[in-house]
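# Structural characterization, general
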Amino acid sequence: MKYNIFNYRLEQCDPAGCMMELVIQLAIIMVGKQVLNNFMEIALPALKNCLARKFKRGDKENCELARWEQDYLLQPNPLLGFFNEYLEMVIQYGFVTLFVAAFPLAPLFALINNVMEIRIDAYKYTVAYRRPFHARAQDIGTWLPILRGVSVLAVIFNALVIAYTSDFVQKLVHVYGYSENHSLDGYINNSLSVFATKDFPPDVAPDYNTITVNTELNATEFCRYRGYRYPAGDPNQYTVTLQNWHVLAAQLAFVVIFEHVVFFIAWLIAIIIPDVPRKVHEQMVREKKLAKEVLYTAELKERKQERSNSETQSEIKKLLTKM
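Residues numbered from 1 in each chain as written. Predicted model: local features only at pLDDT ≥ 70, side-chain atom pairs only at ≥ 80, totals over all residues. Heavy atoms only, no water.

### Some words on the side chain of Gln34
Applicable threshold: Segments assigned H or I by DSSP are reported as helices when at least four residues long, segments assigned E as strands when at least two residues long, and all are numbered from the N terminus. Here a polar contact is taken to be a pair of N or O atoms separated by no more than 3.5 Å, where protein atoms must pair a possible hydrogen donor with a possible acceptor and residues adjacent in sequence count only if both atoms sit in side chains. Two residues form a contact once any of their heavy atoms are found within 4.5 Å.
Within the fold, Gln34 resides in helix α1 (residues 19-56). Of note is the side chain of Gln34, whose polar atom sits 2.9 Å from the side chain of Gln92. Those residues in contact with Gln34 that sit more than four places away from it in its chain are Ile29, Gln92, Phe109 and Asn113.

Okay, structure coming up:
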């Protein structure tokens, strides 16, 4: 397989896999970036309020400002309202759910961050910002389908991460398909292919004249690498073996089975645990029934009143005709 584009070698994962690089990136995002964001949410409004009090007080430097003036000098509410707050939570939810298989500590750091976020937002909206205008809302709006979409993608992403960036499936294939005693004995030797150093292309072959460390390795004739390929000297050397296709088929089957099982469990939980509790549902039905009874009683009373009025008018007419 070629890894060169325009004579530049592409960056590759560690021989042990790409999982460690993903773990490092997630740790930086879930710890370092969240701490920095929380600090900025406290420090930036406080700094702006300090500058506003300094430059807007004018001649009232030595006077005590009224409460409404102090509130006016606070930072105005963001134009987008709570959009940035929702966006921050959705992004965090995406990182936690999409890559939890690679970084299992992500939910813990997200929980710690959210506990701090509650107090930071309380400080921000009660001390650093002006009083926001209240508005009624039935739910969180368009963010709900976004979260549902992220949840669906999270199942697929975690299945792909487990299947293709770890050796979980490879070990299962080895145990149940290529091991005589159904164990991991010989797995390392089975998962490494043989390459002859004399077959290096000229543009990527090591220059032994410039190597000054580990010179005893200069006479190495063969090296091992991860993969399922025929060894040097075989008629099909360096082409993939049948086991490679078995592993790919097993990985695809794992992804399909994993996502179907998770979606079935989610569907089953949604049925077992309804969105509206039974007592609340019964109370809502009772309120609707009472409302219908009240409307029916009021309408019946109105009809009786109209009937009584019509009978009274008819009697008056009869008396008038007799007179």
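### A word on helix α5 (residues 143-164)
Short version of the rule: Expected helix span is computed as 1.5 Å times (number of residues minus one). Here the term buried applies to any residue with accessible area under 20% of the maximum for its type, exposed to any over 50%, and partly exposed to those in between, with areas from a 1.4 Å probe on protein chains only.
For α5, built from 22 residues, the straight-helix expectation of 32 Å at 1.5 Å per residue is met to within 8% by its first-to-last C-alpha distance of 31 Å. All buried positions along α5 are accounted for by Trp143, Val150, Ala154, Val155, Asn158, Ala159, Val161 and Ala163.

### Things to note about the pattern of salt bridges
The test is simple: A pairing counts as a salt bridge when a side-chain nitrogen of Lys or Arg comes within 4 Å of a carboxyl oxygen of Asp or Glu.
This structure, assessed with the given rule, holds five salt bridges. For Lys124, the salt bridge goes to Asp121, with nearest N and O atoms at 3.5 Å. In this pair, Lys124 and Asp121 both sit in helix α4 (residues 106-128), three residues apart, roughly one turn of the helix. The two residues Lys124 and Asp121 agree in class, both being buried.

### Examining the nonpolar core
Applied cut-off: Residues belong to a common nonpolar core when they are buried Ala, Val, Leu, Ile, Met, Phe, Trp, Tyr or Cys residues joined through side-chain atoms within 4.5 Å.
With twelve residues, the main nonpolar core is built from Val23, Leu26, Met30, Val96, Leu98, Phe99, Ala102, Phe103, Ala106, Ala110, Ala154 and Val161. Only α1, α3 (83-98), α4 and α5 provide two or more residues apiece to this core. In contact with Phe103, other than residues within four places in its own chain, are Val23, Leu26, Ala27, Met30 and Phe109. Tyr187, Tyr228, Phe254 and Val255 belong to the second largest nonpolar core, which has nine residues in total.

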